[in-house]
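Read off the chains here:
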Amino acid sequence: MTKQKVTFFWFRRDLRLDDNVALFHVMQSDYPVIPLFIFDEDILENLPKNDARVAFIYDSLEKVNQELHATDSSILIKKGKTLDVWKSLLSTYNIQQIFFNKDYEPFAIKRDLAIQELAKQNNIEVFPFKDHVIFEEKEITKSDGLPYTIYTPYKNKWLEKYHLTGQALEYDTKPFLKNFIKQQFPFPDLSEIGFEKSTIKVLPHNLTQIANYKETRDFPALDSTSYLSPHLRFGTVSIRKLVNWANKKNQTFLSELIWREFFIQILFSFPNVVNHNFKSAYDGIQWHNNEDDFKRWCSGTTGYPMVDAGMRQLNETGYMHNRVRMVVASFLCKHLLINWQWGEAYFAEKLLDFELASNVGNWQWAAGTGCDAAPYFRVFNPEIQQKKFDEKGIYIRKWIPEFDLGYYEPMVNHAFARDRAIETYKRGIIK
């Protein structure tokens, strides 16, 4: 029996039908288009069965599938090791083309190269597209072609290039959805994938909450954040629409979106930052890495209310306010002298918006070991941070209900910890 000639569109971190670059281009294919998502066992095997991010991916795919039903189509869901899944699909379909949007993390690059090699061996055309960022890979570089490692000149070059084009081009994909294959694939239950619903939920994003972002973004009790980060992470919203909106409405928020792209290009250009300090001169720091201290930090029982409230918010909701993230990260690295990699791994486990580039970049910023990082002698005072940004203790009391009943003594004195950190860094920095 002759196998049907088809083109595949491979959903990854772009879980939407609107303004999706590869999706726009795949619709020009001469063959029926099958939309595909793979639950990758290499990623899933290390996650708890109630991981909220997997549940969010599942719910987002379900929404996409419902939209496709209106065109008499559906999404093909597979679970397994990615290369094995594609080999299986080759035995079922006569695949002519594969379209997908690029991912810039080391694991994803290695995975995609393996799929491209498999496609080459089978005479399949592969079309990767830029969708996750405005500028990728080597589009924003210094005059000598090398990547920027300082944010401000990167931002200036980014803005210069963005304004030259007027705005980021948005892709209207909706009119072409009728070109998907007319077939109803079975949509599995979450339990069939090996997971279950989580009590932790990804909240809807809301741009109206950041109308006064510049003035209010550092005050966690005001809850004046957009909740966009998980949606950006998994691509349920378009970066082009967000950037074009921010350019017109909110330059401070636009700067945060550019920070995201800065860290993505750092990870792409220097993939060793995942497991190593960007500044190798800091490799000699003698971290204490006390496991009991780390457990107190994780559980939010350090005796510093701003730190503890942040960690409890993270543990209970998967979110943490950005100002508080800086405080808790500085505390772990500077006050407790625990390697930033421990904190980065814990955030990777808990954050709903976990994105490798930003997580590693921000943790190394806090530790002082990364590109364009806070200087090693900058040690946040959690008590001063609390007085400046949560003076009435509203945020703290929300996450620490026992706060007024007599609270933990600080596990380490700030002045002592600050002096110890600075001295440890001085001794550890390789000249």
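Higher on the page you've got the structure.
Residues numbered from 1 in each chain as written. Predicted model: local features only at pLDDT ≥ 70, side-chain atom pairs only at ≥ 80, totals over all residues. Heavy atoms only, no water.

(A) Just the overall build of the protein chain, in detail. A tally of helices and strands in the protein chain yields 18 helices and five strands. What you see for the protein chain is a C-alpha radius of gyration of 23 Å, in line with the 22 Å of a compact globule of 431 residues. C-alpha extents for the protein chain along the principal axes are approximately 75 × 50 × 40 Å. When the accessible surface of the protein chain is totalled, it reaches about 19800 Å², and 52% of it is carbon and sulfur. (Helix = DSSP H or I, 4+ residues; strand = E, 2+ residues; numbered from the N terminus. Rg over C-alpha atoms; globule rule 2.2 N^0.38 Å. Areas by Shrake-Rupley, 256 points an atom, 1.4 Å probe, with all protein chains shown as cover.)

(B) Looking closely at the nonpolar core. One finds Trp-158, Trp-297, Phe-347 and Tyr-425 to be the most contacted residues of the largest nonpolar core, which totals 86 residues. A per-element tally of this core places helix H10 (residues 251-269) first, with nine residues. Leaving out residues up to four positions away in the same chain, Trp-297 has contacts with Thr-302, Val-307, Met-311, Val-328, Phe-331, Leu-332, Leu-336, Gly-343, Tyr-346, Phe-347 and Trp-363. Leu-61, Ile-77, Phe-180 and Tyr-319 belong to the second largest nonpolar core, which has 36 residues in total. (Core = buried A, V, L, I, M, F, W, Y, C linked by side-chain atoms within 4.5 Å. Buried < 20%, exposed > 50% of the residue type's maximum accessible area, 1.4 Å probe, protein only. Contact = heavy atoms within 4.5 Å.)

(C) Representation of empty space enclosed by the protein within the structure. With the rule as written, the count across this model stands at six cavities of 30 Å³ or more. One number sums up the size of the largest cavity: a volume of about 70 Å³. In terms of lining, the largest cavity is formed by Phe-263, Ile-266, Leu-267, Val-273, Phe-278, Ala-357, Val-360, Gly-361, Gln-364, Gly-370 and Cys-371. Among the elements that make up the lining of the largest cavity, the one with the highest residue count is helix H15 (residues 356-367) (four residues). When its residues are assigned to classes, the lining of the largest cavity shows eight nonpolar, three polar and no charged. (1 Å grid on protein atoms, 1.4 Å probe; cavity = no way out; pocket = protein on both sides within 12 Å on 5 of 7 lines; lining within 4 Å. Points joined across faces, edges and corners; volume = space filled by probe spheres on them. Nonpolar A, V, L, I, M, F, W, Y, C, P; charged D, E, K, R; others polar.)

(D) Focus on the sheet that holds strand E1 (residues 5-11). Spatial strand order, E3-E2-E1-E4-E5: five strands in an open sheet with parallel pairing. Here the strands that pair on one side only, and so sit at the sheet edges, are strand E3 (76-80) and strand E5 (125-129). If you compare each strand with its neighbour and ignore which way they point, the axes differ by 25° on average. (Pairing = 2+ DSSP bridges. Axes fitted to C-alpha atoms, helices over the stretch in contact; angles between N-to-C directions.)

(E) Region of interest: the environment of His-25. Residue position: His-25 is located in helix H1 (residues 21-26). A relative accessible area of 27% means that His-25 is categorised as partly exposed. Along the primary structure His-25 and Trp-245 are separated by 220 residues, whereas in three dimensions their C-alpha atoms are 24 Å apart. Not counting chain neighbours up to four residues away, the residues in contact with His-25 comprise Phe-99, Phe-129 and Tyr-171.

(F) Main features of the layout of surface pockets. Estimates place the volume of the second largest pocket at around 1000 Å³. The wall of the second largest pocket is formed by 32 residues, among which Ile-43, Leu-47, Glu-105, Arg-233 and Phe-354 lie closest to the centre. When its residues are assigned to classes, the lining of the second largest pocket shows 18 nonpolar, two polar and 12 charged.

(G) Examining unusual backbone geometry more closely. Positive phi, close to 55°, is recorded for Asn-123, a residue that is not glycine. Note on placement: Asn-123 falls in the loop between helix H5 (106-121) and E5. The backbone phi angle of Tyr-227 is positive, close to 60°, even though this residue is not glycine. By the element assignment, Tyr-227 lies in the loop between helix H7 (213-216) and helix H8 (229-234). Tyr-227 gets classed as buried once you look at its relative accessible area, which sits at 16%.

(H) Inspection of the pattern of salt bridges at higher detail. Tallied over the full model, the rule gives 23 salt bridges. Between Asp-42 and Lys-81 there is a salt bridge, with the nearest N and O atoms lying 2.7 Å from each other. Residue Asp-42 is found in helix H2 (residues 41-44), and its partner Lys-81 is found in the loop between E3 and helix H4 (82-92); the two are separated by 39 residues along the sequence. You can call Asp-42 partly exposed: its relative accessible area is 33%. For the salt bridge of Glu-355 with Arg-260, the shortest nitrogen-to-oxygen distance reads 3.8 Å. With Glu-355 in the loop between helix H14 (340-350) and H15 and Arg-260 in helix H10, this residue pair connects regions lying 95 residues apart in the sequence. On the basis of relative accessibility, which here comes to 8%, the residue Arg-260 falls in the buried class. Each of Arg-13, Asp-103, Glu-105, Arg-260 and Glu-355 takes part in salt bridges that share partners, so that together they form one network. (Salt bridge = Lys/Arg side-chain N within 4 Å of Asp/Glu carboxyl O.)

(I) Region of the structure containing the packing of helix H12 (residues 305-317) against helix H13 (residues 322-335). Their axes nearest at 9 Å, the elements H12 and H13 cross at an angle of 110°. Taken as axis vectors, H12 and H13 run roughly perpendicular relative to one another. The two elements H12 and H13 cross, and the hand of that crossing is left-handed. Between H12, through Met-306, Val-307, Gly-310 and Met-311, and H13, the contact on the second element is made entirely by Val-324, Val-327, Val-328 and Phe-331. Of the residues that constitute the contact of H12 with H13, the class distribution is seven nonpolar, one polar and no charged. (Parallel < 35°, antiparallel > 145°, perpendicular 65-115°, else oblique. Left-handed = near helix turned anticlockwise from the far one by under 90°.)

(J) Spatial organisation of helix H11 (residues 291-299). Where H11 is concerned, the buried positions are Phe-294, Trp-297 and Cys-298. Buried residues of H11 fall within an arc of 100° about the axis and therefore sit on the same side. H11 presents Asp-292 and Lys-295 as exposed residues on the side facing more than 90 degrees away from its buried surface. In this fold, the buried residues of H11 make contact with H12, H13, H14 and H15. For H11, the N-terminal capping position is held by Asn-290, with its side-chain oxygen 3.0 Å away from the main-chain nitrogen of Asp-292. (Arc of directions from axis to C-beta. Polar contact = N/O pair within 3.5 Å; in protein donor to acceptor, adjacent residues only side chain to side chain.)

(K) Summary view of H14. Buried residues of H14: Trp-340, Gly-343, Glu-344, Tyr-346, Phe-347 and Ala-348, and no others. In this structure, the buried residues of H14 make contact with helix H3 (52-69), H11, H12, H13 and H15.

(L) Looking closely at the packing of aromatic side chains. Counted under the stated rule, the structure contains 40 aromatic pairs. One aromatic cluster in this structure is built from Tyr-148, Tyr-151, Tyr-154, Trp-259, Phe-262 and Phe-263. The residue whose ring lies beneath Arg-12 is Trp-10, and the NZ or CZ to ring-centre distance is 4.5 Å. Positioned above the aromatic ring of Phe-195, the side-chain terminus of Lys-49 is 5.3 Å from the ring centre. (Phe/Tyr/Trp six-rings, centres within 6.5 Å; stacked < 30°, edge-to-face > 60°. Lys NZ or Arg CZ within 6 Å of the ring centre and 35° of its normal.)

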